Amino acid sequence: MTWLGAVQAQDFDGAKWSIAQRVQKATDDEIEKAFAEGSILRTHVLRPTWHFVAPADIRWMLQLTAPRVNAAMAGYFRKYSLDEAVFRRSSRALASALRQAGQLTRKELRRALRGSRIDASGLRLVFILLRAELDGVICSGGRIGKQFTYALLDRRVPGSRVLSRAQALKELTMRYFTSRGPATVHDFAWWSGLTVADVRAGIEMIGDGLYREDANGTSYWTSEPTPQQKPERTAYLLPPYDEYLIAYRDRSAALHPSYSRKGIKAQFASTIVVGGQMVGTWRRTLTRKTAVITLSPFAELRSSDKHAILRAARSYGTFIGRALAIAS
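The structure reproduced in this document is the subject of the present report. As a convention, each chain's residues are numbered from 1 in the sequence order in which they are written. Reporting of local features is limited, given that this is a predicted model, to residues whose pLDDT is at least 70; pairs of side-chain atoms are given and counted only at 80 or more, and all residues count toward the totals for whole chains, interfaces and linings. To get the side-chain values, all heavy atoms of the structure are used, and hydrogens and water are removed first.

1. Some details on the overall build of the chain
Looking only at helices and strands, one finds 13 helices and 13 strands in the chain. The C-alpha atoms of the chain give 21 Å as radius of gyration, which agrees with the globular expectation for 328 residues (20 Å, within 12%). Principal-axis analysis of the C-alpha atoms gives the chain an extent of 65 × 55 × 35 Å. Accessible area is worked out with a 1.4 Å probe on protein chains only. A residue is then buried under 20% of its type maximum, exposed over 50%, and partly exposed in between. Expressed as a percentage of the 328 residues in the chain, the buried residues total 49%. Taking the contacts inside the chain whose residues are at least 6 apart along the sequence as the reference set, 62% of them involve residues at least 24 apart. Summing over all exposed atoms, the chain offers an accessible surface of approximately 16500 Å²; the carbon and sulfur share of this is 51%. Positive charges come from Lys and Arg, negative ones from Asp and Glu, while His and the chain ends are left out of the count. Positions of charges follow a simple convention, taking NZ of Lys, CZ of Arg, CG of Asp or CD of Glu. Counting 49 positive and 29 negative side-chain charges, the chain places the centres of these two groups 7 Å from one another. Only DSSP runs of H or I covering at least 4 residues are called helices, and only runs of E covering at least 2 are called strands; the numbering of each starts at the N terminus. Each radius of gyration reported is based on C-alpha atoms, and the globular scaling rule is 2.2 Å times the count of residues to the power 0.38. By definition, residues are in contact when any of their heavy atoms lie within 4.5 Å. For the accessible areas, the method is Shrake-Rupley and the probe is 1.4 Å, while residue cover comes only from the protein chains on display.

Right under this line is the structure:
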């Protein structure tokens, strides 16, 4: 998690698979355990959506990016009559309830807010909890069955390093271009939610720690020179919103021109990637003991690519601990 900085995680099961494909032999149960213990946290940061982050990073990352998220959500806050006075009251009520209970579900937090005479009906609750996350009051707790809970951030993470805004900007910039480069200024601005001016300032602070590469009139930044050889034709079954695609504003490098129309529609779905290129989509159907993987390639695949995709599918079966069946 630390190397990646953050992993988009509104699709919880998919985000666990995203992490597993970037570490050695992690299983779904192991990542779920890490989440329950608080070794991985889930909160709203960077953009108005959930991300997995490391406990050591959550505070400085919130301090850097929460103001931009709050600004983006200001219209919704006004629409539901949520102002600073309401947020102060709601945060106090949430903190009080969580100090007593430790971890509470959304339904239980709604009840606690109502007990404090705060309207938490409908989407008001969603935005109250969102703001409490952005303010560093609450973050994810463990799960009770399939239900998510919230916990006090101060209890989940009793202490973490404090960074100035400049230090945080430099740190996030380096994390992004190290884990996702080569990428453009606008790619990082999209991913981080920061302004282009902030991104340029972050790059300038790093100086010689980043390499600039120009191609077709566009500048790309990376932490080390890009290898010139063609990528291996390794196959991956990526979940929805995987960082391989969602971390970039311009995703054309992963879309073969002949598949561009299909790919643009599919890029937020579960995607099949071979040799760095999106070649189709996939979906899973779970039974009690089996995972049925349905493959939908954009076009007929070469035999070697089919075998690579089957290996990727078997890896997914191992990750979730189920026997695998392939459908097409």
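2. Some points on the packing of helix H4 (residues 84-101) against helix H6 (residues 123-134)
Only the stretch in contact is used when fitting a helix axis, every axis being a line fitted to C-alpha atoms; angles between N-to-C directions are given from 0 to 180 degrees. For the pair H4 and H6, interaxial distance at closest approach is 10 Å and the crossing angle is 80°. On the basis of their axis angle, the class for H4 and H6 is roughly perpendicular. Mapping the contact onto sequence places Glu84, Val86, Phe87, Ser90, Ser91 and Leu94 in H4 and Arg124, Phe127, Ile128, Leu129, Arg131 and Ala132 in H6. Looking at the contact of H4 with H6 residue by residue, the class counts come to 7 nonpolar, 2 polar and 3 charged. We call two directions roughly parallel when the angle between them is under 35 degrees, roughly antiparallel when it is over 145, roughly perpendicular when it lies between 65 and 115, and oblique otherwise. Throughout, the ten residues Ala, Val, Leu, Ile, Met, Phe, Trp, Tyr, Cys and Pro are labelled nonpolar, Asp, Glu, Lys and Arg are labelled charged, and all others, Gly among them, are labelled polar.

3. Some words on the packing of aromatic side chains
Any Phe, Tyr or Trp ring, taking Trp's six-membered ring, that has another such ring centre within 6.5 Å forms a pair; planes under 30 degrees apart are called stacked, those over 60 apart edge-to-face, and the others tilted. Counted according to the given criterion, the structure contains 17 aromatic pairs. A connected cluster of aromatic rings, assembled from ring pairs, spans Tyr76, Phe77, Tyr80, Phe87 and Phe127. Only lysine NZ and arginine CZ atoms are considered, and such an atom sits over a ring when it is within 6 Å of the ring centre and within 35 degrees of the ring normal. The aromatic ring of Trp190 is capped on one face by Arg47, whose charged end is 4.8 Å from the ring centroid.

4. Topic: the pairing of strand E3 (residues 50-53)
Alternating positions in E3 separate into two faces, Trp50 and Phe52 on one and His51 and Val53 on the other, with burial throughout. Here, any two strands with at least 2 DSSP bridges between them count as paired. As defined by bridge partners, strand E1 (residues 7-8) adjoins E3 across 2 bridges and the pair is classed as antiparallel. When the bridges of E3 are listed, Val7 appears paired with Phe52. Between strand E2 (residues 41-44) and E3, which pair antiparallel in sequence order, lie 5 residues; one of them, Leu46, sits at a positive phi of approximately 70°.

5. Topic: the sheet that holds strand E4 (residues 103-105)
What the 3 strands build is an open sheet, ordered E4-E6-E5; its pairing is antiparallel. The open sheet has two edge strands, E4 and strand E5 (138-144), and neither has a second partner. Neighbour-to-neighbour, the strand axes of the sheet open up by a mean angle of 40°, direction not taken into account. In this structure, E4 lies alongside strand E6 (residues 147-152), joined through 3 bridges in antiparallel fashion. Looking at the pairing, Leu104 lines up with Tyr150 of E6.

6. Quick look at the pattern of salt bridges
Each reported salt bridge corresponds to a side-chain nitrogen of Lys or Arg within 4 Å of a carboxyl oxygen of Asp or Glu. In total, this model carries 20 salt bridges according to the counting rule given. Between Asp154 and Arg59 there is a salt bridge, with its nearest N and O atoms 2.7 Å apart. In this pair, Asp154 is assigned in helix H7 (residues 153-156) and Arg59 in helix H3 (residues 58-79), connecting sequence segments 95 residues apart. Taking the relative accessible area as the measure of exposure, Asp154 reaches 53% and is therefore exposed. Arg180 serves as the salt-bridge partner of Glu243, at 2.9 Å between the closest nitrogen and oxygen. Here Glu243 is found in helix H11 (residues 243-246), whereas its partner Arg180 is found in helix H8 (residues 165-180), with 63 residues between them in sequence. Assessed through its relative accessible area of 3%, Glu243 is described here as buried.

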